[in-house]
Amino acid sequence: MNMVLQSLKYGNVEFGEYVIDGHRALFREIGKDRILYRRFVGEEIVLERIVFGYEKIMIVPVYPALTPKYITNYLLLEFKTPIHIAPGSMTYVYVEVPIDIAIYVYMDKVFTVLDVIPLFEPKYTLYGDPFNGLIARYYSSSIYYEITPIRGKALAKLTLRNRTNEWVIVTRLLVDMSPLKIFYKPGTSEAYTQELLMVIDSPSTASVGYGDPFVSDIEPIDDPPELRQPRIILKTDMLWGI
């Protein structure tokens, strides 16, 4: 029997087939407390799993750090449009943050990650010098001037504070995905992070802080083990250029 293809929406999954950015995700009941999960690219099955014993299955946005394997928790966003900021001033913009799509399976409050579906080709870069720098996922990010939900991306509010007495140009943002939080609006394809605060200390250095959500009616994802929040959330120092 042919199934009706459903578009991507975050939250609880019903049995059926979903289209996720060139992939098809199939959830089929095959017995009591058993589900067959398949992911297709075209007509090819690229992943197949059987789930036994579950309470709920969810589709959620997730950090772009788990595919093809976990290497780093840093993400470097390079802005397509540089931002010029006057001495002593403060402003804010909204920036595009890449995500992948995860399939979570829950029993009570315990979950496992059944699959992570990549939404973009992973690229890496070195932020800093070869001896002390950081390996980071790289992404070329668009900037927006109002809240603009983007399918297949998350949106972050970035507040910029220039503490110097000079004009500065901001071309990139370094984010640590451990203190970063990802939220989704259930029943939609909208995803967000919390507000980020970039304090500029010189034309080439800054620190990035992690604030609170800036959108209502959203739910946080449960962080995968590799990227669980630290108990003490520290700022991320940008010492090799902004």
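Please refer to the structure placed before this passage.
Residues numbered from 1 in each chain as written. Predicted model: local features only at pLDDT ≥ 70, side-chain atom pairs only at ≥ 80, totals over all residues. Heavy atoms only, no water.

Draft legend 1. Summary view of the sheet that holds strand β13 (residues 134-141). Spatial ordering of the open sheet is given by β12-β13-β8-β16, a layout of 4 strands whose pairing is mixed. Strands with a single pairing partner mark the edges of an open sheet, and in this sheet they are β12 (124-127) and β16 (168-176). Ignoring which end each strand starts from, the neighbouring axes of this sheet average 45° apart. The pairing of strand β8 (residues 74-85) with β16 spans 8 bridges and is classified as antiparallel. Each bridged residue has a counterpart across the sheet, and for His 84 the counterpart in β16 is Ile 169. (Pairing = 2+ DSSP bridges. Helix = DSSP H or I, 4+ residues; strand = E, 2+ residues; numbered from the N terminus. Axes fitted to C-alpha atoms, helices over the stretch in contact; angles between N-to-C directions.)

Draft legend 2. Broad picture of the environment of Leu 75. Tracing the backbone shows Leu 75 in strand β8. Its relative accessible area of 1% is what places Leu 75 among the buried residues. Linking Leu 75 and Ile 20, residues 55 residues apart in sequence, is a C-alpha distance of 23 Å. Not counting the four nearest positions on each side in its chain, Leu 75 is found in contact with Val 97, Pro 98, Ala 136, Arg 137, Leu 173, Leu 174, Val 175 and Met 177. (Buried < 20%, exposed > 50% of the residue type's maximum accessible area, 1.4 Å probe, protein only. Contact = heavy atoms within 4.5 Å.)

Draft legend 3. Structural context of the sheet that holds strand β2 (residues 11-12). Taken in spatial order, the 4 strands of this open sheet run β2-β7-β10-β11, and their pairing is antiparallel. A strand with exactly one partner marks an edge of an open sheet, and here the two such strands are β2 and β11 (110-117). Bridging between strand β10 (residues 100-107) and β11 involves 7 bridges; their strand directions are antiparallel. Looking at the pairing, Val 105 lines up with Thr 112 of β11.

Draft legend 4. How the structure looks around the packing of aromatic side chains. Scanning all chains against the criterion turns up 11 aromatic pairs. Taken together, Tyr 92, Tyr 94, Tyr 192 and Phe 214 form an aromatic cluster joined through their ring pairs. The positively charged end of Lys 56 is found above the aromatic ring belonging to Tyr 106, 4.9 Å away from the centroid. In this arrangement the basic side chain of Lys 157 is found over the ring face of Tyr 92, its NZ or CZ atom lying 4.6 Å from the centre. (Phe/Tyr/Trp six-rings, centres within 6.5 Å; stacked < 30°, edge-to-face > 60°. Lys NZ or Arg CZ within 6 Å of the ring centre and 35° of its normal.)

Draft legend 5. Representation of unusual backbone geometry in the model. The omega torsion of the bond from Thr 67 to Pro 68 falls at -5°, within 30 degrees of zero and hence cis. For Asp 21, which is not glycine, the phi dihedral falls at a positive 50°. Take Asp 21: it is sitting in the loop between β3 (16-20) and β4 (23-31). Accessibility expressed as a relative area gives 53% for Asp 21, which makes it exposed. Of note, the phi angle at Asp 108 is positive, near 60°, even though the residue is not glycine. Among the secondary structure elements, Asp 108 is positioned in the loop between β10 and β11. The exposure class assigned to Asp 108 is exposed, which follows from its relative accessible area of 56%.

Draft legend 6. Structural detail: the pattern of salt bridges. On inspection of all chains with the given rule, the structure shows 7 salt bridges. Where Arg 39 meets Asp 115, a salt bridge forms, and the shortest distance between an N and an O atom there is 2.6 Å. Here Arg 39 is found in strand β5 (residues 34-41), whereas its partner Asp 115 is found in strand β11, with 76 residues between them in sequence. Accessibility expressed as a relative area gives 10% for Arg 39, which makes it buried. One network of salt bridges, with partners in common, ties together Glu 17, Arg 24 and Glu 43. (Salt bridge = Lys/Arg side-chain N within 4 Å of Asp/Glu carboxyl O.)

Geometric descriptors of this kind do not, in isolation, establish any biological role.
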